[in-house]
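The lines below spell out each chain.
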Amino acid sequence: MRYYVLDLDGPIYPFLANLGPVASKYTGRPVEEFKPHQETWSGFMDDWGISVEEFLTLFALGVHNENLLWEGDAVTGAVNGWLKLATDPDQPYIHVVTDRNPFAAVNEAHEATNYWIAGQGLYYDAISFRGDKVDAVRENIAAEGLVEADLEIFTIEDKPENITAYQSAGWNSYAFDLPCNRHLNVPRVATLEDFSQV
Ligand SMILES: [Mg+2]
């Protein structure tokens with residue numbers, strides 16, 4: 001059985017593009033100063049002139065007070081790609097693994113995530129809100145009574161260290177192609193729709 005591991009922010013939800021207006025509102029600075037920056041993984045914080053703590057605060061404010069995670073169009077090809085996986089007659093397993101844990105609004109972020117996915121008409125078998133993604137996948141496989149060696153695991157991810165961790169686990173690790181991960185020697189896809197055809 002195929003087992004797909006989907007990252008949300010990047011391949012499916014345009015997180016930074018939607019965080020930008022929130023950052024502008026709560027810092028009082030022009031929205032033009034908060035463009036998505038994807039040259040390096042965390043380089044947007046330097047670009048935007050915010051610390052990790054400020055990022056997490058803006059993330060939580062966006063979820064708590066604004067429509068961050070709750071609303072917003074999916075990334076191009078994401079809905080079609082996900083639907084192709086979900087309606088595949090071979091019935092692959094779909095596991096969403098996302099590290100959406102802004103400390104001041106964790107439960108709301110998880111609720112918003114499920115609300116948005118349902119609103120897109122999408123479906124999954126399991127969801128994990130975890131940063132340690134390989135462990136999250138392995139724990140879910142065990143919880144489902146599945147055996148890793150029997151599965152063909154395919155992952156899509158944009159964060160370099162997660163892409164590498166999936167590769168090290170021996171899985172079919174695909175990069176969602178962004179400048180921040182172009183240094184990695186892995187297969188890459190431009191859209192989730194492309195991923196659904198690998
Ligand atoms: Mg991501």
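If you're wondering where the values come from, they're calculated on a predicted model, not measured in any experiment. (Residues numbered from 1 in each chain as written. Predicted model: local features only at pLDDT ≥ 70, side-chain atom pairs only at ≥ 80, totals over all residues.)

The phi angle at Leu69 is positive, at roughly 75 degrees, despite the residue not being glycine. Mapped onto the secondary structure, Leu69 falls in the loop between helix 3 (52–65) and helix 4 (78–86). The buried category is assigned to Leu69, around which 28 C-beta atoms lie within 10 Å. Positive phi outside glycine occurs at Gln91, with the angle close to 50 degrees. Relative to the assigned elements, Gln91 resides in the loop between helix 4 and strand 2 (93–98). Judged by local crowding, Gln91 falls into the exposed class, with 12 C-beta atoms found within 10 Å. (Helix = DSSP H or I, 4+ residues; strand = E, 2+ residues; numbered from the N terminus. Buried ≥ 20, exposed ≤ 12 C-beta atoms within 10 Å, placed from the backbone.)

Let us look at the pairing of strand 2. Most of strand 2 is tucked away, with five of its six residues classed as buried. Looking at chain direction, strand 1 (residues 2–6) and strand 2 are connected through four bridges and run parallel. What sits directly across from Tyr4, in strand 2, is Ile94. Relative to strand 3 (residues 126–129), strand 2 runs parallel, the two being bridged by four bridges. Its bridge partner lying in strand 3, His95 is registered against Ala126. A crossover links strand 2 with its parallel partner strand 3, the connecting element being helix 5 (residues 106–119), and its sense is right-handed. (Pairing = 2+ DSSP bridges. Right-handed = clockwise from strand over helix to strand, strands pointing away.)

Ordered by their spatial adjacency, six strands build an open sheet running 3-2-1-4-5-6, and the pairing between neighbours is parallel. For this open sheet the edge positions go to strand 3 and strand 6 (188–189), each flanked by a neighbour on one side alone. Packing of helix 6 (residues 133–143) onto the sheet brings it into contact with strand 1, strand 2 and strand 3, and relative to strand 2 it is tilted by some 145 degrees. (Contact = placed C-beta atoms within 7 Å. Axes fitted to C-alpha atoms, helices over the stretch in contact; angles between N-to-C directions.)

Turning our attention to the packing of helix 1 (residues 15–27) against helix 3. Two numbers describe how helix 1 lies on helix 3: the axes approach to 9 Å, and their chain directions differ by 100 degrees. In terms of their interaxial angle, helix 1 and helix 3 are classed as roughly perpendicular. Of the residues in helix 3, those in contact with Leu19, Val22, Ala23 and Tyr26 of helix 1 are Leu58, Phe59, Leu61 and Gly62. (Parallel < 35°, antiparallel > 145°, perpendicular 65-115°, else oblique.)

Counting through the fold element by element, Tyr123 comes out in the loop between helix 5 and strand 3. By the C-beta count within 10 Å, which is 13 here, Tyr123 ends up partly exposed. Between the C-alpha atom of Tyr123 and that of Val5, which follows or precedes it by 118 residues, the distance is 13 Å.

Further remarks concern the domain arrangement of the chain. When the domains of the chain are assigned, the result is domain 1 (2–14 + 71–195) and domain 2 (15–65). Each of domain 1 and domain 2 has a C-alpha centre, and these two points are 23 Å apart. Taken residue by residue, the interface counts 16 residues in domain 1 and 14 residues in domain 2. It is helix 5 that contributes the most residues to the side of domain 1 that touches domain 2, three residues altogether. Grouping the amino acids of the side of domain 1 that touches domain 2 by side-chain chemistry returns twelve nonpolar, one polar and three charged. (Domains from an automatic or database assignment. Nonpolar A, V, L, I, M, F, W, Y, C, P; charged D, E, K, R; others polar.)

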